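Breakdown of the fold
Residues per chain are reported as follows:
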Amino acid sequence: MMTADDTGIGLLVFDRPEHTKQVLNGLKRNEVDKLYVFADGPEPGQELESIEATRDVVQDVDFCDIELIIKDDNYGVQRMWVDAYDCIFENHKKAIILEDDCVPASDFVGYMQTCLDYYEDHKRVMNVQGYCPPIEIPAEYSYDVFFTWRSGSWGQGTWKKAWEKLRRDPSIRQKIKEDKDLRRAVKRAGWDLIPMLEKEIDDEINSIGVWWSLTLARCSGVSVNPVRSRIKNIG
């Protein structure tokens, strides 16, 4: 098996059984030995058919041990991510998490595990991503990975010691205005983070990615990304 005992692998699911099947088929090719599956609960007034069908897909898995954590209430994306990481870190030092629309390549877990092991003692490396964003990489670039100031959630991994630095404090909005170094770090990670933070605080979006990217900016952290993407997003 390619999955180390100190690394837990999680999958977030909700109400898309066919998407979930594709992700699970991808994980089957990765020789996963145990999988934590976090199943969100229904939104108010939502029919249960697709939610129950998704959970049935998970319970039919026979290629690895499954620990299915079912939510009776609807947690939403952000709370599910936080709950998944917190749960995995009760038993592991490292975690890899997929959403139900991120189909992994056959070497996804191996790539993620290698990065989590190799960069474990590099304090500034706080995030590992399985997806390569659509950027132009110079032909002469000879490495397998590159670093960014921004995290990404399409096949994500991190360490317990890094995740413990997560802060979801709305007061950072004022701190960004007052602290030029912090403002520079945030803008370096992406100009869109500030308006996204505004929307997050005003409950217009529900994204753990905003808070995690701001945590990287606050800590001068970086994300490691593959030159060759190990994730196919099926939307």
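All of the points below concern the structure found in this document. Source: prediction; values computed, not measured.

Each value, and the rule that gives it
- Residues numbered from 1 in each chain as written.
- Predicted model: local features only at pLDDT ≥ 70, side-chain atom pairs only at ≥ 80, totals over all residues.
- Heavy atoms only, no water.
- Salt bridge = Lys/Arg side-chain N within 4 Å of Asp/Glu carboxyl O.
- Helix = DSSP H or I, 4+ residues; strand = E, 2+ residues; numbered from the N terminus.
- Patch = residues over 30% accessible without salt bridge, like charges linked within 9 Å, V, L, I, M, F, W, Y side chains within 5 Å.
- Areas by Shrake-Rupley, 256 points an atom, 1.4 Å probe, with all protein chains shown as cover.
- Lys, Arg positive; Asp, Glu negative; His and termini not counted.
- Charge placed at Lys NZ, Arg CZ, Asp CG, Glu CD.
- Contact = heavy atoms within 4.5 Å.
- Disulfide = S-S within 2.5 Å.
- Axes fitted to C-alpha atoms, helices over the stretch in contact; angles between N-to-C directions.
- Parallel < 35°, antiparallel > 145°, perpendicular 65-115°, else oblique.
- Left-handed = near helix turned anticlockwise from the far one by under 90°.
- Nonpolar A, V, L, I, M, F, W, Y, C, P; charged D, E, K, R; others polar.

1. Some points on the pattern of salt bridges
- Inspection of the entire model under this criterion finds 15 salt bridges.
- Between Arg 228 and Asp 107 there is a salt bridge whose closest N-O contact spans 2.5 Å. With a gap of 121 residues between them, Arg 228 in the loop between strand 9 (222-226) and strand 10 (231-233) and Asp 107 in the loop between strand 5 (102-104) and helix 4 (108-118) connect regions that are remote in the sequence.
- Among the ionic contacts, a cluster of salt bridges with common partners joins Asp 6, Lys 93, Lys 94, Asp 117 and Glu 120.

2. Quick notes on a negative patch on the surface
- A cluster of acidic residues, Glu 47, Glu 49, Glu 52, Asp 56, Asp 60 and Asp 62, forms a negative patch on the protein surface.
- With respect to the helices and strands, Glu 52 occurs in helix 2 (residues 49-59).

3. A word on the environment of Pro 226
- Note on placement: Pro 226 falls in strand 9.
- In this structure, the C-alpha to C-alpha distance between Pro 226 and Tyr 111, residues 115 residues apart in sequence, is 8.5 Å.
- Ignoring any residue separated from it by four or fewer positions in sequence, one finds Pro 226 in contact with Tyr 111, Gln 129, Gly 130, Tyr 131, Cys 132, Asp 144, Val 145 and Phe 146.

4. Quick word on the state of the cysteines
- Scanning the model with the defined rule gives zero disulfides in all.
- Distance from the sulfur of Cys 64, which forms no disulfide, to the nearest cysteine sulfur (Cys 87) is 15 Å.

5. Side note on the environment of Leu 193
- Relative to the helices and strands, Leu 193 is located in helix 8 (residues 193-201).
- Distance in space between the C-alpha atoms of Leu 193 and Ser 106 is 32 Å, their sequence separation being 87 residues.
- Once you skip the residues sitting within four places of it in the chain, Leu 193 turns out to touch Arg 150, Val 186, Val 210, Ser 213 and Leu 214.

6. Focus: the packing of helix 8 against helix 9 (residues 208-218)
- At a minimum axis separation of 10 Å, helix 8 and helix 9 run at an interaxial angle of 130 degrees. Our classification of the angle between helix 8 and helix 9 gives oblique. In the packing of helix 8 onto helix 9, the handedness of the crossing is left-handed. Across the interface between the two elements, Leu 193, Met 196, Leu 197, Glu 200 and Ile 201 from helix 8 touch Val 210, Trp 211, Ser 213 and Leu 214 from helix 9.
- Classifying every residue of the contact of helix 8 with helix 9 gives seven nonpolar, one polar and one charged.

7. Some points on the packing of helix 1 (residues 17-28) against helix 2
- The contact between helix 1 and helix 2 brings their axes to 8 Å, and the two run at 20 degrees. The angle between the axes of helix 1 and helix 2 places the two elements in the roughly parallel class. Both helix 1 and helix 2 take part in a crossing whose hand is right-handed. Contact residues: helix 1 offers Pro 17, Thr 20, Lys 21 and Leu 24, while helix 2 offers Ser 50, Ala 53, Thr 54, Val 57 and Val 58.
- Residue classes in the contact of helix 1 with helix 2 are distributed as five nonpolar, three polar and one charged.

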